[in-house]
Amino acid sequence: MIALRTRQILQISIRNFLRFRLQAALIVIASMTGTAGVLVSAGYAASGRQKILDQFTRLGANVLVLTPQQSRSVGGRARTGALITTLIPADRKAIELSVSSLASSSPTVSAVLRIRVGDLTKNTTIVGCEPVYFTIKHWTAGSGEIFDVNADRRQSRVALLGWTVARDLFGAADPTGEFISINRVPFHVAGVMRERGQGLDASNEDEQIYVPLGTAMHRLENLDYYASILFEVDDSSHMDAAATQITEVMEQRHRRLASGEPDYQIQNRKSLIDTQLASFARLTFLIRWVASSALAVSMLGVFAVTWIGVRNRTREVGTRRALGATRADILFQFFAEGSFGAVLGCSAGVASGYLALRYLDLRAGQPFLLSTTDALLEAAVSMAFFAMFTLASAIRGIRIEPVRALRTE
């Protein structure tokens, strides 16, 4: 008996939902807009945060960079542009022996040298590094292979081209196996690195050429000092402690200048990561606040539409009550009518939000992170809120007295 009565009320609700098309459309649009807004904002914020983390991981997140101080004082005056020769192999060895949290390290040297391929010549930054340099930066070769430790030990004349350099010199052809001239010294092209873009130090790594460290120091530049040393820390939680320990080692080995300034500097990328994430957290809060406001406006819209709908159907309520309908029947009928629109709207909101989020992530170059579970959970929460406001409007219907309802024009 109860099941039959429930089915009859549902049939009446569906018929009335289809009958009042404007009211139904407003409920569907309001709930769809609110659900899609929350879905897109949450997904876009998560994708943006993941993009930032991926960029730092790709560029070497747990990395400390030790470089000579770029400005020195002589006779009380600042001297810039001078060669800095204070960072030597002994410094690296002392740091590796003293700091236990270091996973690996790679010194680098660099210089702008002239390269030649056939009749084409150009000035390009040449970076000398060890093979572990590419592991620290999570960088792989797009074609060919990265030179190994033996090539560095033998000071082999092999080179890895950045993606932009390879395109400028060889066009669309794969230069692996070809020869180039660096500072009039012939080099064998071992491979081309994958496209990477601008690094954290504002340099475009795709526009550089990479050779073994020993080759750069002794065959190209004749150096006995480093331009920088990259230290990879085993865990991000050890970054600050490792930076402090490196500072202590360097203070013991390097006497301070007359100005009191050290002749080295340590770049801690963890602070840069924390700053970026903190800024993005504030932006995420703003995005979600706007989305929550849109959802609240949508819920108020559903409430207003259903509230007005109940008021305009006072005579219908009185007639049904006079024919034997109970307060529970009236409550269930109006609640079902509003819930139909909310369910349809939330479902349409999930679909439209999914498509909109894919489009925005594609335009922004972000990873698409929305999962089915998250989408269904957000849709369920939205439906619950819309149902709550629909129920509040339906309660108005059960308070209508049959006699007063039948007298209403």
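One can find the structure itself at the top, above this paragraph.
Here's a quick rundown of the structure. From a predicted model like this one, the values you see are computed outputs, not experimental measurements.

Moving on, we get to helix H6 (residues 163–170). Along an α-helix, a turn takes 3.6 residues, which lines up residues three or four apart on a common side. Buried residues of H6: Thr164, Val165, Ala166, Leu169 and Phe170, and no others. Summarising the contacts, the buried residues of H6 are in contact with strand S4 (102–117), strand S5 (120–129), strand S7 (158–161), strand S8 (179–182), strand S9 (185–193) and strand S10 (208–212). In the stretch just after H6, Gly171 is the one whose phi turns positive, near 70°.

This paragraph deals with helix H8 (residues 239–253). A rise of 1.5 Å per residue sets the reference length of H8, with its 15 residues, at 21 Å; its end C-alpha atoms lie 21 Å apart and thus fit the reference within 8%. Three or more residues of H8 are buried, namely Met239, Ala242, Ala243, Ile246, Val249 and Met250. Axial view of H8: buried residues confined to an arc of 125°, hence all on one face.

This part is about a nonpolar patch on the surface. Taken together, Leu283, Phe285, Leu286, Trp289 and Val290 make up a surface patch of nonpolar side chains, about 550 Å² in accessible area. Checked against the element boundaries, Leu286 lands in helix H9 (residues 269–312).

This brings us to the nonpolar core. One finds Ile95, Ile180, Ile182, Ile209 and Val211 to be the most contacted residues of the largest nonpolar core, which totals 44 residues. Setting aside residues up to four positions removed in sequence, Ile209 forms contacts with Ile115, Thr124, Thr125, Ile126, Val127, Ala159, Leu160, Leu161, Val165, Ile180 and Ile182. Core analysis: the next-biggest nonpolar cluster, separate from the first, contains 17 residues, Phe134, Phe147, Met193 and Leu230 among them.

All right, on to the environment of His238 then. Counting through the fold element by element, His238 comes out in the loop between strand S11 (228–233) and H8. As for His238 and Asn62, which are separated by 176 residues in sequence, their C-alpha atoms are 8.8 Å apart. Ignoring sequence-local partners within four residues, the contact set of His238 consists of Ser101 and Val233. Side chain to side chain, His238 and Asp234 meet in a polar contact 2.9 Å long.

With that out of the way, let us pick up the environment of Asp361. With respect to the helices and strands, Asp361 occurs in helix H11 (residues 327–364). The class of Asp361 is buried, set by a relative accessible area of 1%. Measuring from C-alpha to C-alpha, the distance between Asp361 and Gly48 comes to 8.4 Å, with 313 residues separating the pair along the chain. Not counting the four nearest positions on each side in its chain, Asp361 is found in contact with Tyr44, Ser47, Gln366, Pro367 and Phe368.

Attention now goes to the pairing of S7. Across the two faces of S7 the burial is the same, with Val158 and Leu160 and Ala159 and Leu161 all buried. By the bridge criterion, four bridges tie S7 to S9 in an arrangement that is parallel. Note on S9: the bridge partner recorded for Leu160 is Gly191. Bridge count for S7 against S10 is two bridges, and the pairing is antiparallel. Bridge pairing links Leu160 to Tyr210 in S10.

Moving on to the packing of aromatic side chains. Counted by the stated rule, this structure contains six aromatic pairs. Here Tyr133 and Tyr210 contribute two aromatic rings whose centre-to-centre distance is 6.1 Å and whose plane-to-plane angle is 35°, an arrangement assigned as tilted. Of this pair, Tyr133 sits in helix H4 (residues 132–136) while Tyr210 sits in strand S10, and the two are 77 residues apart along the sequence. Neither Tyr133 nor Tyr210 differs from the other in exposure class; each is buried. Between Phe134 and Phe147, the aromatic rings sit 5.8 Å apart at their centres with planes inclined by 75°, giving edge-to-face as the arrangement. One end of the pair, Phe134, is in helix H4; the other, Phe147, is in the loop between strand S6 (141–144) and helix H5 (149–153), with 13 residues separating them in the sequence. Pair check on accessibility: Phe134 and Phe147 agree, each one buried. Taken together, the aromatic side chains of Tyr133, Phe134, Trp139, Phe147 and Tyr210 make up a single cluster linked through ring pairs.

It is worth spelling out the pairing of strand S1 (residues 63–68) at this point. Burial analysis of S1 places six of its six residues in the buried class, which makes it a mostly covered element. Burial along S1 is two-sided: the residues Val63, Val65 and Thr67 and Leu64, Leu66 and Pro68 are all buried. Where S1 lies against S11, four bridges are found, and the strand directions are antiparallel. Directly across from Leu66, in S11, lies its bridge partner Ile229. Summarising the sheet, S1 and strand S12 (residues 264–268) pair through five bridges and their orientation is antiparallel. Bridging across to S12, Thr67 finds its partner in Gln265.

Definitions and limits used
- Residues numbered from 1 in each chain as written.
- Predicted model: local features only at pLDDT ≥ 70, side-chain atom pairs only at ≥ 80, totals over all residues.
- Heavy atoms only, no water.
- Buried < 20%, exposed > 50% of the residue type's maximum accessible area, 1.4 Å probe, protein only.
- Helix = DSSP H or I, 4+ residues; strand = E, 2+ residues; numbered from the N terminus.
- Contact = heavy atoms within 4.5 Å.
- Expected span 1.5 Å × (residues − 1).
- Arc of directions from axis to C-beta.
- Patch = residues over 30% accessible without salt bridge, like charges linked within 9 Å, V, L, I, M, F, W, Y side chains within 5 Å.
- Areas by Shrake-Rupley, 256 points an atom, 1.4 Å probe, with all protein chains shown as cover.
- Salt bridge = Lys/Arg side-chain N within 4 Å of Asp/Glu carboxyl O.
- Core = buried A, V, L, I, M, F, W, Y, C linked by side-chain atoms within 4.5 Å.
- Polar contact = N/O pair within 3.5 Å; in protein donor to acceptor, adjacent residues only side chain to side chain.
- Pairing = 2+ DSSP bridges.
- Phe/Tyr/Trp six-rings, centres within 6.5 Å; stacked < 30°, edge-to-face > 60°.

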